[in-house]
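Structural features, examined
Okay, here's what each chain looks like letter by letter:
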Amino acid sequence: MSNNNKDMWSIIKDILQRNGIARQHLSSYNEFVEYGLQSIIDEVNEVIIDTVEYPYKIKLGKLQLKQPRVMELDGSITNLSPLEARLRNLSYAAPIMLESSVVEDGNVLETKFIHVGDMPIMTRSNGCILYNLPENKLVEYGEDDRDPGGYFIINGSERVIVGLEDLSYNKIIVDYEEVTAGLVHKAKVYSSIVGYRSKLELVMKQDASIMTKIPGSPVDLPLMVLMRALGLESDKEIADAVSLRPIMQDELEPSFEKAGEVSTSREAVVYISKRIAPGMLEEFQIKRTETLLDWGLLPHLGKNRNNREEKARFLGEAACRLLELKFGWGDVDDKDHYGNKVIKFAGQMLADLFRTAFRNLIRDMKYQLERSGQKRGINAIAAAVRPGIITDKL
């Protein structure tokens with residue numbers, strides 16, 4: 001036992017010597033800045049401005065993160081170092097510039113990079129002025145050459161984002177719950193993409209039928225209806241997607257009965273639409289259902305119509321795990337096992353904040369431009385953007 005402990009400490013010591021104590025924070029933040037920011041922008045892609053006479057679109061393009069800077073009292077802008085931010089009680093942050101184009105009748109009229117907010121810069125990250133500097137240069141900037149970085153400077157104070165333990169993403173977790181009438185078997189999936197997480201839950205009711213709980217739906221939906229809406233129409237296709245074992249396929253009979261008369265993808269979409277948007281116009285109901293299937297359901301598998309069959313087969317796999325648990329062929333997943341855990345670092349948590357803040361900014365900009373009516377053009381867009389929405393949130 002003592003030898004094993006020594007071996008473990010040797011591994012930990014080697015990791016710390018090679019990567020340092022802040023590498024996980026830096027890697028997470030760098031990945032968010034290099035890939036996560038742009039992917040969140042691409043989700044929106046374009047904004048339609050509905051005005052009475054001249055409706056137009058704002059096309060969102062590339063995003064640039066400039067060097068950390070500060071605006072002085074006289075309006076001048078100067079570059080900022082971590083030491084200066086500490087001494088002057090400033091935030092070490094860099095402006096986010098977003099390429100925006102005015103599109104009318106398919107033609108791009110104007111294009112300009114617009115300041116949409118400020119991003120806190122993690123010290124020693126790729127966006128920091130201290131990145132990859134030699135020891136003598138670090139001393140010139142008044143920095144400790146042994147400082148590993150991995151923290152932020154907000155109003156002059158050094159702040160670190162503590163890692164948060166969470167359940168693993170994009171993984172099927174099966175469990176059961178004791179109720180008065182017996183056991184209720186469940187399968188859960190936390191589907192995650194940059195800045196967004198969606199929960200899917202399959203529940204086996206007392207009558208052995210399988211129902212699904214998905215975000216955006218106020219009621220539980222039969223599994224078979226959902227799989228049909230995703231493109232698997234025939235009973236055989238659905239049963240084969242769950243399992244090829246006859247005994248497990250027979251267990252699906254109560255679930256097929258729950259689907260009632262729904263037998264095609266179109267009928268399944270209409271069935272779901274009447275339950276998630278009751279009382280609305282049919283066109284709006286269908287559009288909302290399409291958005292739910294593509295964006296709200298298992299977004300890690302894709303957000304296009306082409307990904308629906310893959311989502312249906314993933315649902316089949318989750319139902320298979322559920323039935324295996326019921327038959328005693330599989331074990332309950334231990335939520336406290338490290339194999340079912342993940343640690344969220346600065347990058348993932350900033351992505352959640354930025355996604356919410358960016359959508360608020362787009363909503364506010366759209367309102368300002370539609371209210372102004374006649375005012376249009378790239379300068380009007382720049383005036384309608386309030387960078388404080390993102391800056392204050394982050």
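Our subject is the structure that appears above.
Residues numbered from 1 in each chain as written. Predicted model: local features only at pLDDT ≥ 70, side-chain atom pairs only at ≥ 80, totals over all residues. Heavy atoms only, no water.

**Re the overall build of the protein**
To keep things clear, this is the line we draw: Counting from the N terminus, the helices are the DSSP runs of H or I reaching at least four residues and the strands are the DSSP runs of E reaching at least two. Contact definition: two residues touch when any of their heavy atoms are within 4.5 Å. In summary, the charge assignment counts Lys and Arg as positive and Asp and Glu as negative, without counting His or the chain termini. Charged side chains are reduced to one point each, which is NZ for Lys, CZ for Arg, CG for Asp and CD for Glu.
For the protein, the helix and strand inventory stands at 14 helices and 15 strands. Sequence-distant contacts in the protein: of pairs separated by 6 or more residues, those separated by 24 or more amount to 63%. Considering the protein, the positive charge centre built from 51 side chains and the negative charge centre built from 58 side chains are found 3 Å apart.

**Overview of the packing of helix H2 (residues 23–44) against helix H12 (residues 346–372)**
The relative placement of two packed helices comes down to the angle between their axes together with the axis-to-axis distance. Let me state the cut-off plainly: What counts as an axis is a line fitted to C-alpha atoms, over the stretch in contact for a helix, and the angles between N-to-C directions run from 0 to 180 degrees. Note that the term roughly parallel is reserved for angles under 35 degrees, roughly antiparallel for angles over 145, roughly perpendicular for angles of 65 to 115, and oblique for everything else. Two helices that cross are described as forming a left-handed crossing if the nearer one is turned anticlockwise from the farther one by less than a right angle, and a right-handed crossing if clockwise. For this classification, the nonpolar set comprises Ala, Val, Leu, Ile, Met, Phe, Trp, Tyr, Cys and Pro, the charged set comprises Asp, Glu, Lys and Arg, and every other residue, Gly included, is treated as polar.
Close contact between H2 and H12 brings their axes to 10 Å; oriented N to C, the two are set at 30 degrees. Between H2 and H12, the angle falls in the class roughly parallel. Like other packed secondary-structure pairs, H2 and H12 cross with a definite hand, here right-handed. Across the interface between the two elements, Ser28, Tyr29, Phe32, Leu37, Ile40, Ile41, Glu43 and Val44 of H2 pack against Ala346, Gly347, Gln348, Leu350, Ala351, Phe354, Arg355, Phe358, Arg359 and Ile362 of H12. Grouping the amino acids of the contact of H2 with H12 by side-chain chemistry returns twelve nonpolar, three polar and three charged.

**Some thoughts on the sheet that holds strand S6 (residues 107–120)**
In plain terms, the rule: A pair of strands is considered paired only if DSSP assigns at least 2 bridges between the two.
The four strands are arranged S1-S2-S5-S6 in an open sheet whose pairing can be described as antiparallel. Each having just a single partner strand, strand S1 (46–49) and S6 make up the two edges of the open sheet. Going from strand to strand, the sheet's axes swing by 25 degrees on average, the running direction of each strand aside. Looking at chain direction, strand S2 (residues 56–65) and strand S5 (residues 93–104) are connected through seven bridges and run antiparallel. Bridge pairing links Lys59 to Ser101 in S5. Lying over the sheet, H2 contacts S1, S2, S5 and S6, oriented at roughly 175 degrees with respect to S2. Sheet contacts for H12: S1, S2, S5 and S6; angle to S1, the most-contacted strand, approximately 25 degrees.

**So, the side chain of Ser198**
The test is simple: The buried label applies to any residue whose accessible area, calculated with a 1.4 Å probe on protein chains only, is under 20% of its type's maximum; exposed applies above 50%, and partly exposed to all values in between. What qualifies as a polar contact is a pair of N or O atoms within 3.5 Å, subject to a donor-acceptor requirement within protein and to the restriction that residues adjacent in sequence count only when both atoms come from side chains.
In this fold, Ser198 is placed in strand S12 (residues 196–204). Its relative accessible area of 4% is what places Ser198 among the buried residues. Polar contacts involving the side chain of Ser198 include one to the main-chain carbonyl oxygen of Gly296, which spans 2.6 Å. Sequence-distant contacts of Ser198, defined by excluding residues within four places in its chain, comprise Val189, Tyr190, Ser191, Pro215, Gly296 and Pro299.

**Some details on a nonpolar patch on the surface**
This is how it is decided: A patch consists of residues whose relative accessible area exceeds 30% and which take part in no salt bridge; residues with like charges are grouped when within 9 Å of each other, and nonpolar side chains (Val, Leu, Ile, Met, Phe, Trp, Tyr) when within 5 Å. For every accessible area listed, the method is Shrake-Rupley and the probe measures 1.4 Å; residues are considered covered only by the protein chains on display. Note on definitions: salt bridges are taken to be side-chain nitrogens of Lys or Arg within 4 Å of carboxyl oxygens of Asp or Glu.
Taken together, the side chains of Trp9, Ile12, Leu16 and Ile21 present a nonpolar region at the surface, about 440 Å² in accessible area. Looking at where Ile12 falls in the secondary structure, it is placed in helix H1 (residues 2–19).

**Comments concerning the nonpolar core**
Applied cut-off: Think of a nonpolar core as a cluster: buried Ala, Val, Leu, Ile, Met, Phe, Trp, Tyr and Cys residues, connected wherever their side-chain atoms sit within 4.5 Å.
Within the largest apolar cluster, 51 residues are counted, with the highest numbers of intra-cluster contacts made by Ile58, Leu60, Phe354, Phe358, Met365 and Ile390. At the level of secondary structure, the elements contributing two or more residues to this core comprise H2, S1, S2, S5, S6, strand S7 (152–154), H12 and helix H13 (378–384). Per-element tally for this core: the top contributor is H12, with ten residues. What Leu60 contacts, discounting residues up to four positions off in sequence, is Ile41, Val44, Asn45, Val47, Leu98, Glu99, Ser100, Phe358 and Ile362. In this structure, Ala268, Val269, Leu297 and Leu298 belong to the second largest nonpolar core, which totals 49 residues.

**Brief notes about the pattern of salt bridges**
Counted under the stated rule, the structure contains 30 salt bridges. Notably, a salt bridge pairs Lys205 with Asp220, separated by 3.6 Å at the nearest N-O pair. Taken together, the positions of Lys205 in the loop between S12 and strand S13 (210–213) and Asp220 in the loop between S13 and strand S14 (221–222) put the pair 15 residues apart, joining distant regions of the chain. Judged by its relative accessible area of 29%, Asp220 is partly exposed. When the shortest N-O distance is used, the salt bridge between Arg313 and Glu309 registers 3.1 Å. Here Glu309 and Arg313 lie together in helix H11 (residues 308–327), a separation of four residues that amounts to about one turn. The network of salt bridges with common partners includes Glu43, Lys303, Arg355 and Arg359.

**Focus: the side chain of Thr123**
Within the secondary structure, Thr123 sits in the loop between S6 and helix H4 (135–140). The class of Thr123 is buried, set by a relative accessible area of 2%. Apart from the residues lying within four places of it in its own chain, the contact partners of Thr123 are Leu26, Pro82, Tyr92, Cys128, Gly149, Gly150, Tyr151 and Ile153.

**Quick look at the pairing of S1**
The alternating pattern of S1 places Val47 and Ile49 on a buried face and Glu46 and Ile48 on a face that is not buried. Where S1 meets S2, four bridges bridge the pair, whose relative direction is antiparallel. Bridge pairing in S2 links Ile48 to Lys57. Connecting S1 to the antiparallel partner S2 that follows it, the hairpin turn spans six residues.

So far we have only geometry, and geometry alone does not tell us how the molecule works.
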